Amino acid sequence: MDKNKNKNKKYEEDKSGIDSNTVGVYRTAATVKGGRRFSFSAMIVCGDRKGRVGLGYGKANQVPNAIEKAQKKAKREMREFPLTGTTIPHEVTGRFGACSVRLVPASPGTGVIAGAAVRAVLDLLGVQDCLSKAYGSTNNKNLTKAVIDGLRQLRSRETVERLRKVTIDKTHTETSHEKTPVAVDVSRNEENISEEVTA
């Protein structure tokens, strides 16, 4: 009974706070004696928008089953990647097959400048400001895998400093992300000004 409870708890934890995005659903046909037999595959990206993301690929005879398989695999493959504010710590280039994707950190307010496949991964990772450029093949399957390969190369400042035993100066992008804007209550300021005028 305890094992079943633990399994249910894990499932509830995984289910809560994890979003998924479908990169694509693909159909393949095999010619057999009676005609053509179709099978479907799906590629899904899962993430919590807080630095964790995973990629899953599933195949089945029906589209819903393929999507379900891909979601389960994506949740199992989820891992944590370092972030600096709302962007990535440094520039990386991910490769898979004939695809190359270059990811460049950006200042706050820039947004995610990327295509649909690259944006699907970065959005679910929690990146809100990033520049990207794809080289070579633009196949969505390989693009998403190239992005994951690039994210695996990311290292936080603390990790690099600990490994090299040096102190690294902060870049302009890092300092701009550290300066978070302070929200000002305009209504209260207007009330204070009106009170001063009446007095």
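Shown above is the structure to which this text applies.
Reading guide: rules and limits
Residues numbered from 1 in each chain as written. Predicted model: local features only at pLDDT ≥ 70, side-chain atom pairs only at ≥ 80, totals over all residues. Heavy atoms only, no water. Helix = DSSP H or I, 4+ residues; strand = E, 2+ residues; numbered from the N terminus. Contact = heavy atoms within 4.5 Å. Pairing = 2+ DSSP bridges. Axes fitted to C-alpha atoms, helices over the stretch in contact; angles between N-to-C directions. Core = buried A, V, L, I, M, F, W, Y, C linked by side-chain atoms within 4.5 Å. Buried < 20%, exposed > 50% of the residue type's maximum accessible area, 1.4 Å probe, protein only.

Some words on the side chain of Thr144
- With respect to the helices, strands and loops of the structure, Thr144 is situated in helix α4 (residues 140–152).
- If we skip the residues at most four places from it in the chain, Thr144 touches Val23, Met43, Leu55, Ala117 and Val121.

Considerations on the sheet that holds strand β5 (residues 92–96)
- Spatially, the four strands line up as an open sheet ordered β5-β6-β8-β7, and their pairing is mixed. Every interior strand has two partners, whereas the edge strands, β5 and β7 (112–113), have only one.
- Where β5 lies against strand β6 (residues 99–105), five bridges are found, and the strand directions are antiparallel. Directly across from Arg95, in β6, lies its bridge partner Ser100.
- Packed on one face of the sheet, α4 meets β5, β6 and β8 (130–136) and runs near 135° to β5.

Overview of the pairing of strand β2 (residues 35–47)
- Bridge count for strand β1 (residues 19–32) against β2 is 13 bridges, and the pairing is antiparallel. Looking at β2, one finds that Val25 is bridged to Ala42.
- Hairpin remark: β1 followed by β2, antiparallel, with two residues in the connecting loop.
- Strand direction decides the pairing type here: β2 and strand β3 (residues 52–60), joined by eight bridges, are antiparallel.

Quick word on the nonpolar core
- Grouped together as the largest cluster of nonpolar side chains are 26 residues, with contacts concentrated most on Val53, Leu103, Leu122, Val147 and Leu151.
- Broken down by secondary-structure element, the contributors of at least two residues to this core are β2, β3, β6, α3 (116–125) and α4.
- With six residues, α3 is the single largest residue contributor to this core.
- Leave out the neighbours within four places in its chain, and Val53 touches Val45, Cys46, Gly47, Glu77, Met78, Arg79, Phe81, Val121, Leu124, Leu125, Ile148 and Leu151.

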